[in-house]
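Observations on the model geometry
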Amino acid sequence: YEPGKDLTPLFDTIINYIEPPKGDEEGPLQMLISSIDYNEYVGRIGIGRIVRGDIKVNQQVTVCDYTGSKKNYNSKIVSLLQIQGLNRVPVESAKVGDIVWISGIENITIGDTICATDAPDPLPFVKISEPTVEMTFAVNDSPFAGKEGKFVTSRQLRERLFKELLKDVSLRVEETDSTDAFRVAGRGEMHLSILIENMRREGYELSVSTPRVLFKTDEDGRKLEPIERLVIDVPGDCVGSVMEKIGSRKGDMVDMHPQGSRTRIEFLVPARGLFGYKSEFLTDTKGQGIMNSIFFEYEPYKGDLQRRNTGSLVAFETGEAVTYGLFNAQGRGTLFVTPGTEVYEGMVIGYTNIPDDINVNVCKTKHLTNTRSSNSDEALTLIPVSKMSLEESLEFIADDELLEVTPKTMRIRKRILDSELRAKARFKEKNAK
């Protein structure tokens, strides 16, 4: 082989240093399903590694559940696939250590064990965590709806969401009072943002709400909320700012120890306290911080949190953003849009450092006059705009805002687009409080 030309050295190293899979090849079949896929032709597909024995096409098997939440039932292996390179290829049989795709078993799910019919012996499996965060997925009803997507109706949105349930066992989808909106619950912001990104790439248009945590009530009637175990690895000089920010988000430090020039800190923090923190964290640590969180448990409600302390710059009219209008608006805050961008009334085009929203006219052009001054013809300089990713947009949007997602564009908008109606609704909300 030629050095640097292929992966032969890596493959040789794997063969020489990594032990082959161990297991009883002569024993009865035992295979744990660790992932699920879906195909319109064959239905659910179970993916897993064979721990004992071998498996063959058309073999009769028993499906077992270690938790005992459902009864054992018999089925048949209709097809058997393995990975070769980047492709799945059909095979007639597989043995211990092989990772295979099997179809033909109805209602198969993660955690099930495929066994020989004469030896139903389920393997232990960690129970899949229940959803802790929900969002509302709705039809895109903005003035620009239908311009970019292929799938824009509520029927198409409903079919796509319920289809996702067939291969994502930790997702929950519920109908709402409106036929155009659905409650979608998952295990975190990332879980739901992956679904949104996949749908966007497939040609769907939709609007999504800000993430909300799912609360529970215990036997004593206390309100419980999900708590995350947050692990943070930061440079030593950033520890103070991180602890201050997590403390303001009701987080409790449980461990801290140095690792060279860096420090690792563990917190128990409410899941809602992490909404919108990632961008702040990267800023506070100058991009050098690493954070990871995982669900810990439900604990009593920690109290109210201020989720966002910035206001939105909201477009006052529909049209095309121009340099003159943007130049006047950038003095109010940080912009998201550039000259030539199509905007509509109620669309969020930036944010300001004060808590209140500000209506701005970014479509406003300069009036021509007969009067000339020394600086009238100077070029207007715009500050570079802030481009946000899908995850950053979900963290940013306020409770009265939505994220419009299309195959080509993501726009943040107000739920109520009309500025007068929005002001009346805000006035009623303040009086109600």
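Given the structure is predicted, the values throughout are model-derived calculations rather than measurements.

**Quick word on the packing of aromatic side chains**
Taken as a whole, this structure holds eight aromatic pairs when the rule is applied. An angle of 80 degrees between the planes, with centres 5.6 Å apart, marks the rings of F336 and F396 as edge-to-face. Separated by 60 residues along the polypeptide, F336 in the loop between β23 (334–335) and β24 (342–343) and F396 in helix α7 (residues 390–396) bring together distant segments of the chain. Here F336 falls in the buried class, since its relative accessible area comes to 12%. Given the relative accessible area of 10%, F396 is considered buried. The rings of F336, Y351 and F396 are connected pair by pair, giving a single aromatic cluster. The aromatic ring of F162 is capped on one face by R158, whose charged end is 4.6 Å from the ring centroid.

**Structural notes on the pattern of salt bridges**
Scanning the model with the defined rule gives 30 salt bridges in all. When the shortest N-O distance is used, the salt bridge between K163 and E40 registers 3.2 Å. Linking K163 in helix α2 (residues 154–164) with E40 in the loop between β1 (30–39) and β2 (43–52), this pair joins segments that are 123 residues apart in sequence. By relative accessible area, which is 36% here, K163 ends up partly exposed.

**Let's talk about the sheet that holds strand β7 (residues 87–90)**
Here eight strands make up an open sheet; going across it, the order is β5-β4-β10-β1-β2-β9-β6-β7 and the pairing antiparallel. Of all strands in the sheet, those with a lone pairing partner are β5 (73–76) and β7, marking the two edges. Put simply, the sheet's adjacent strands are angled 40 degrees from each other on average, direction ignored. Bridging between strand β4 (residues 60–65) and β5 involves four bridges; their strand directions are antiparallel. Bridge assignment links V61 to a residue of β5, and that residue is S75.

**Things to note about the side chain of D233**
By the secondary structure assignment, D233 is in strand β17 (residues 223–235). For D233, a relative accessible area of 10% translates into the label buried. A polar contact is formed between the side chain of D233 and the side chain of R262, at a distance of 2.4 Å. Apart from residues lying up to four places away in sequence, D233 is in contact with Q259, R262, T263, R264, Q288, G289 and I290.

**Concerning the confidence of the model for the protein chain**
The share of residues in the protein chain with pLDDT of 70 or more is 96%, and the mean pLDDT across the chain is 88. When pLDDT is averaged over each helix and strand of the protein chain, the minimum, 83, is found for helix α8 (residues 419–432) and the maximum, 95, for strand β14 (residues 206–208).

**What about the layout of surface pockets?**
Any empty space left between the atoms is revealed when a probe the size of a water molecule rolls over them. One number sums up the size of the largest pocket: a volume of about 1900 Å³. Going through the elements one at a time, β15 (212–213), α4 (239–248), α5 (277–284), α7 and α8 are the ones with two or more residues in the lining of the largest pocket. For the second largest pocket, the lining is made up of 28 residues, of which G188, E189, M190, E228 and S293 are closest to its centre. Elements supplying a minimum of two residues to the lining of the second largest pocket: α3 (189–202), α5, β20 (290–300) and α7. Of the residues forming the lining of the second largest pocket, the biggest block, six residues, is contributed by β20. Here the residues of the lining of the second largest pocket sort into 14 nonpolar, seven polar and seven charged.

**Some points on α8**
Since the α-helix packs 3.6 residues into each turn, any two residues three or four apart lie on the same face. The terminal C-alpha atoms of α8, which comprises 14 residues, lie 20 Å apart, in line with the 20 Å expected from a rise of 1.5 Å per residue. One side-chain oxygen of the residue at the start of α8 lies 3.0 Å from the amide nitrogen of E420, identifying that residue as D418.

**Examining the pairing of strand β10 (residues 112–116)**
Across the five residues that make up β10, a large majority, five, are buried. Across three bridges, the pairing between β1 and β10 is antiparallel. Among the inter-strand pairings, Q30 is bridged to a residue of β10, identified as C115.

**Examining the nonpolar core**
Ranked by size, the top nonpolar core spans 46 residues in total, and within it F137, L161, I349 and V362 carry the most contacts. The biggest single contributor to this core is α3, with four residues. Formed by 18 residues, the second largest nonpolar core is a distinct cluster that contains I102, I105, I114 and A116.

**Section: unusual backbone geometry**
Positive phi outside glycine occurs at K250, with the angle close to 65 degrees. Here K250 is to be found in the loop between α4 and β18 (252–259). Relative accessible area serves as the criterion here: at 32%, K250 is assigned to the partly exposed category. Of note in this structure, K286 is not a glycine but carries a positive phi near 55 degrees. Within the element layout of this structure, K286 appears in the loop between α5 and β20.

**Quick look at α3**
When the terminal C-alpha atoms of α3 are compared, their 20 Å separation across 14 residues agrees well with the 20 Å that a helix rising 1.5 Å per residue should span. All buried positions along α3 are accounted for by E189, H191, L192, S193, L195, I196, E197, M199 and R200. Buried positions along α3 lie against β11 (133–138), α2, β13 (181–186), β14, α7 and β27 (401–405).

**A look at the packing of α4 against α5**
The description of two helices packed together rests on the angle between their axes and the distance between the axes. Put simply, α4 and α5 touch, their axes get as near as 10 Å, and they point 160 degrees apart. The orientation of α4 relative to α5 falls into the category roughly antiparallel. Relative to α5, α4 is oriented so that their crossing is right-handed. Between α4, through S241, V242, K245 and I246, and α5, the contact on the second element is made entirely by Y277, E280, F281 and D284.

Scoring rules and cut-offs
- Residues numbered from 1 in each chain as written.
- Predicted model: local features only at pLDDT ≥ 70, side-chain atom pairs only at ≥ 80, totals over all residues.
- Heavy atoms only, no water.
- Phe/Tyr/Trp six-rings, centres within 6.5 Å; stacked < 30°, edge-to-face > 60°.
- Helix = DSSP H or I, 4+ residues; strand = E, 2+ residues; numbered from the N terminus.
- Buried < 20%, exposed > 50% of the residue type's maximum accessible area, 1.4 Å probe, protein only.
- Lys NZ or Arg CZ within 6 Å of the ring centre and 35° of its normal.
- Salt bridge = Lys/Arg side-chain N within 4 Å of Asp/Glu carboxyl O.
- Pairing = 2+ DSSP bridges.
- Axes fitted to C-alpha atoms, helices over the stretch in contact; angles between N-to-C directions.
- Polar contact = N/O pair within 3.5 Å; in protein donor to acceptor, adjacent residues only side chain to side chain.
- Contact = heavy atoms within 4.5 Å.
- pLDDT = per-residue confidence, 0-100.
- 1 Å grid on protein atoms, 1.4 Å probe; cavity = no way out; pocket = protein on both sides within 12 Å on 5 of 7 lines; lining within 4 Å.
- Points joined across faces, edges and corners; volume = space filled by probe spheres on them.
- Nonpolar A, V, L, I, M, F, W, Y, C, P; charged D, E, K, R; others polar.
- Expected span 1.5 Å × (residues − 1).
- Core = buried A, V, L, I, M, F, W, Y, C linked by side-chain atoms within 4.5 Å.
- Parallel < 35°, antiparallel > 145°, perpendicular 65-115°, else oblique.
- Left-handed = near helix turned anticlockwise from the far one by under 90°.

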